[in-house]
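One letter stands for each residue in the lines below.
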Amino acid sequence: MWKTIVRRVLVMIPQLFVLSMLIFIMAKFMPGDPFTGLITPETDPNRIEELRQASGFYDPWYVQYWHWISNAFHGDFGDSYSFKVSVASLIGERGLNTLWLSLLSVILVYLIAIPLGVLAGRYQNSLLDKSVVLYSFISYAVPTFVLSLIFLFIFGYQFTWFPTSGTVDVKYDPGTFGYYWSKIYHLLLPAITYALLGTTGVIQYLRSEIIDAKTQDYVKTARSKGIPMRKVYSRHIFRNSLLPIAAFLGFTITGLLGGSVFIETIFGYPGMGQLFIQAISARDYSVITTLVLLFGFLTLLGSLLSDIIMSIVDPRIRID
């Protein structure tokens, strides 16, 4: 398996190269330039022109691309002109916040989706099954920003059960119990909202797997031997149906890391999703291109991670 993983990683290199070139070219077609966001009524036009000259803005596109990608390869993604810090340190700080939000959301997704999917599949066409299917349809149909605004208004402003922005209460000192509890407390509402919207695929897939497994020959054989249906479900149907769900884990994690734009913006949570919106508003090209490249890398990594997880939980499968 290790040889296959190395081969897949080597294949990712040209994929990332093509992706980086597309990102750079598309960024060049965006209106303005990296210094447009610095322009104010008091800005000296000559100063902006000096910055453009110093950054190589007027160099041929391939020269600019090589300069950008070679620096990125060494971990230098430039500086953010709107946040006045290096892009690497900015994304490192915001990325850690998004990582915690994503991990809690993934845990909640599986805690909610697995029981509902199992019950819906076992009691097919029952009132419980129809209720779960209705819930999954509603969660799929409701836009992310709509549910986020509803939850923020009800639980954040009306009942004041949860904080409405930030990652931690400033009254707690770092390293204390109150500090870490405050961070978890600030995560709960956006994570619950995100999890409720992310359970649809897992529920529907698990329900379909269980319904299909009930018709398989090994289930009929087990029943013909007099094995109680409860043991058939626990030892055969549930176990085999849960295996494909493990393959979703890689895509789920990377999807949450890159798809939290609405959640973080509405809940005022300073992660990479909110940073992406802020960078677009400020026309901060260095941050935008780096984030898009990072999201693309996470997508490729999620595909590889899912294959690896699937091959581990099911030894019959070998990734190619």
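Shown above is the structure to which this text applies.
Along each chain, numbering runs from 1 in the same order as the chain's sequence is written. Side-chain atom pairs in this predicted model are given and counted only at pLDDT of 80 or more, local residue features only at pLDDT of at least 70, and totals for whole chains, interfaces and linings cover all residues. The basis for every side-chain value is the complete set of non-hydrogen atoms in the structure, without hydrogens or water.

Student: I tried to follow the packing of helix α6 (residues 144–158) against helix α7 (residues 177–198) on my own but got confused; where do I start?
Tutor: For any two helices packed against each other, one specifies the crossing angle of their axes together with the interaxial distance. Between N-to-C directions, angles span 0 to 180 degrees; the directions come from axes that are lines fitted to C-alpha atoms, helices contributing only their stretch in contact. The helix count covers DSSP runs of H or I at least four residues long, the strand count covers runs of E at least two residues long, and both are numbered beginning at the N terminus. Remark: α6 packs on α7, axes separated minimally by 10 Å, with the N-to-C direction vectors making an angle of 140°. It follows that α6 is oblique to α7 by the angle criterion. Pair α6 / α7 crosses with right-handed handedness. Contact residues: α6 offers T144, L147, S148, F151, L152, F155 and G156, while α7 offers L189, T193, L196 and L197. Under this scheme an angle from 65 to 115 degrees is roughly perpendicular, one under 35 degrees roughly parallel, and one over 145 degrees roughly antiparallel; angles in between are oblique. Crossing handedness: left-handed means the near helix sits turned counterclockwise from the far one by under a right angle, and right-handed means the same turn made clockwise. Residue contacts follow a heavy-atom distance rule, with two residues in contact if any of their heavy atoms lie within 4.5 Å.

Student: So what exactly am I meant to see when it comes to the nonpolar core here?
Tutor: Across soluble globular proteins, you tend to see nonpolar side chains buried next to one another. Residue types Ala, Val, Leu, Ile, Met, Phe, Trp, Tyr and Cys, when buried and joined through side-chain atoms within 4.5 Å, form a set referred to as a nonpolar core. Only protein chains enter the accessibility calculation, which uses a 1.4 Å probe; a residue is then buried when its area is under 20% of its type maximum, exposed when over 50%, and partly exposed in between. With 24 residues, the main nonpolar core has L101, V109, L189, I263 and F267 as its most contacted residues. Where this core is concerned, the elements lending two or more residues are α4 (87–122), α6, α7, α8 (200–213) and α11 (261–266). Tallying contributions element by element places α4 first for this core, with seven residues. Setting aside residues up to four positions removed in sequence, I263 forms contacts with L101, T144, S148, P190, T193 and Y194.

Student: It is not clear to me how the layout of surface pockets should be interpreted in this structure. Could you clarify?
Tutor: Gaps left between atoms show up when a probe the size of a water molecule is rolled over them. Only protein atoms enter the calculation, which uses a 1 Å grid: trapped sets of points that fit a 1.4 Å probe without letting it out are cavities, open sets showing protein on both sides within 12 Å along at least five of seven lines are pockets, and any residue with an atom within 4 Å of a point is a lining residue. Grid points are joined across faces, edges and corners, and a volume is the space filled by probe spheres set on the points. In this structure, the second largest pocket encloses a volume near 580 Å³. Along the wall of the second largest pocket there are 19 residues; nearest its centre are L16, I69, A72, F73 and L293. Elements represented by at least two residues in the lining of the second largest pocket include exactly α1 (2–28), α3 (61–73), α4 and α13 (285–313). Of all the elements, α3 adds the most residues to the lining of the second largest pocket, at six residues. By the convention adopted, Pro, Cys, Tyr, Trp, Phe, Met, Ile, Leu, Val and Ala count as nonpolar, Lys, Arg, Asp and Glu as charged, and the other residues, Gly among them, as polar. Split by residue class, the lining of the second largest pocket holds 15 nonpolar, four polar and no charged.

Student: Could you clarify how one ought to interpret empty space enclosed by the protein in this entry?
Tutor: Enumeration over the complete set of coordinates arrives at one cavity of 30 Å³ or more. Its boundaries defined by the atoms lining it, the largest cavity holds a volume of some 30 Å³. Along the walls of the largest cavity sit P163, T164, S165, G166, H186, P190 and F267, which together make up its complete lining. Per-class residue counts for the lining of the largest cavity are three nonpolar, four polar and no charged.

So, to be careful, I would describe these as geometric facts and stop short of saying anything about function.
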